[in-house]
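As a plain string of letters, each chain reads:
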Amino acid sequence: MNLEQLIENYHPPAEAIKVIQTTQIALLVGISGAGKDTIKHELLKRPEFREIVSHTTRAPRANVGVMEVDGVDYHFIDLKKAQAMLEQGEFIEAKLVHGTVYGTSIQEGLSAGAQGIAITDIDVQGVSEYKEVSRAVLAIFVVPPDYDTWVSRLRQRYATEQVFLDEWPKRRDSAIKELTRALELPYYHCVINDDLNRATKVVAEMSQRPDVFTRQDDEARIVARDLLEQIKRHSV
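These numbers were taken from a predicted model, which means no experiment stands behind them.

**Q** I would appreciate a short explanation of the packing of aromatic side chains in the present structure.
**A** According to the stated counting rule, one finds 8 aromatic pairs in the structure shown. Judged by centre distance (5.9 Å) and plane angle (55°), the ring pair of Tyr74 and Phe76 falls under tilted. Comparing Tyr74 with Phe76, the two get one shared label, buried. Ring geometry for Tyr158 against Phe164: centres 6.1 Å apart, planes inclined by 50°, an arrangement best described as tilted. Taking the relative accessible area as the measure of exposure, Tyr158 reaches 16% and is therefore buried. Classification of Phe164 as buried rests on a relative accessible area of 1%.

**Q** Can you walk me through the packing of helix α8 (residues 161–184) against helix α10 (residues 215–233) in this structure?
**A** Each pair of packed helices can be summarised by the angle the axes make with each other and by the distance between the axes. For the pair α8 and α10, interaxial distance at closest approach is 10 Å and the crossing angle is 145°. Crossing geometry of α8 relative to α10 is assigned as left-handed. On α10, the residues touching Arg172, Ala175, Ile176, Leu179, Thr180, Ala182 and Leu183 of α8 are Arg221, Ala224, Arg225, Leu227, Leu228, Ile231 and Lys232.

**Q** Any chance you could explain the sheet that holds strand β11 (residues 188–192) here in plain terms?
**A** Note on sheets: strands pair through backbone hydrogen bonds, and any given pair is parallel or antiparallel. Judged by pairing direction, the sheet is parallel, and its 5 strands sit side by side in the order β2-β9-β1-β10-β11 without closing on themselves. Single-partner strands in this sheet number two, and they are β2 (49–51) and β11. If you compare each strand with its neighbour and ignore which way they point, the axes differ by 30° on average. Sheet topology note: the strand β1 (residues 25–30)/strand β10 (residues 138–143) ladder contains 5 bridges and is parallel. Paired with Val29 across the two strands is Phe141, which belongs to β10. Across the sheet, helix α3 (residues 36–43) touches β1, β2, β9 (117–121) and β10, and the angle it forms with β1 is around 150°.

**Q** For this particular structure, what's the right way to read the environment of Asp73?
**A** Along the chain, the position of Asp73 falls in the loop between β5 (66–67) and β6 (75–76). On a C-alpha basis, the gap between Asp73 and His55 in space is 9.2 Å, while along the polypeptide they are 18 residues apart. One polar contact links the side chain of Asp73 to the main-chain amide nitrogen of Val69, over a distance of 2.6 Å.

Reading the values: rules and limits
- Residues numbered from 1 in each chain as written.
- Predicted model: local features only at pLDDT ≥ 70, side-chain atom pairs only at ≥ 80, totals over all residues.
- Heavy atoms only, no water.
- Phe/Tyr/Trp six-rings, centres within 6.5 Å; stacked < 30°, edge-to-face > 60°.
- Buried < 20%, exposed > 50% of the residue type's maximum accessible area, 1.4 Å probe, protein only.
- Axes fitted to C-alpha atoms, helices over the stretch in contact; angles between N-to-C directions.
- Helix = DSSP H or I, 4+ residues; strand = E, 2+ residues; numbered from the N terminus.
- Left-handed = near helix turned anticlockwise from the far one by under 90°.
- Contact = heavy atoms within 4.5 Å.
- Pairing = 2+ DSSP bridges.
- Polar contact = N/O pair within 3.5 Å; in protein donor to acceptor, adjacent residues only side chain to side chain.

So this is what it looks like as structure tokens:
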């Protein structure tokens with residue numbers, strides 16, 4: 001069975017299901033450039049949060065000029081190792097994105113959950129896999145405040161304008177799919193990342209009261225719907 005088939009047919013083993021059901025987990029979701037990773041790093045400065053470090057088969061890259069570190073930003077593995085982990089049932093969830101494997105290991109979930117609220121950033125596909133196992137998992141969709149702010153943040157990720165333009169169609173399509181999917185599902189909390197300190201505080205509060213939905217959620221969903229329509233209308 002090839003890698004794509006392994007991922008398509010993957011089901012978490014009983015041990016993984018137990019990890020998800022007995023661990024307080026907060027999943028940060030959002031389109032590329034929404035700021036979920038920045039919020040995650042702010043939350044990790046608080047004693048009650050511990051990170052689930054994901055595995056990936058992509059190479060380390062620079063974020064704002066700083067190279068990613070193995071075991072801190074991701075566990076960087078090759079395709080052979082990813083296939084072995086899938087075959088041995090070592091993941092809670094795993095997915096293939098543009099030819100790259102991303103996954104959450106059982107061991108990472110156990111380690112983070114034993115120390116506090118386990119938190120990670122993930123995509124909508126990964127959230128769905130968690131939710132299939134436990135409805136108690138908290139999913140928070142981070143929304144940039146408007147279209148112009150989002151595009152500006154995306155541009156800052158690339159060394160040149162041409163590189164940004166080359167990547168834009170893929171990023172735009174992914175944003176449309178993720179926003180559409182999140183807005184279809186009632187279990188997503190939403191937070192607008194217009195101010196980092198405020199957004200971090202809101203996410204921390206949501207993590208303590210995962211079953212409570214407030215007016216902030218409704219307002220953020222309206223912003224998310226407006227953003228989706230703007231992305232659909234714009235070519236850049």
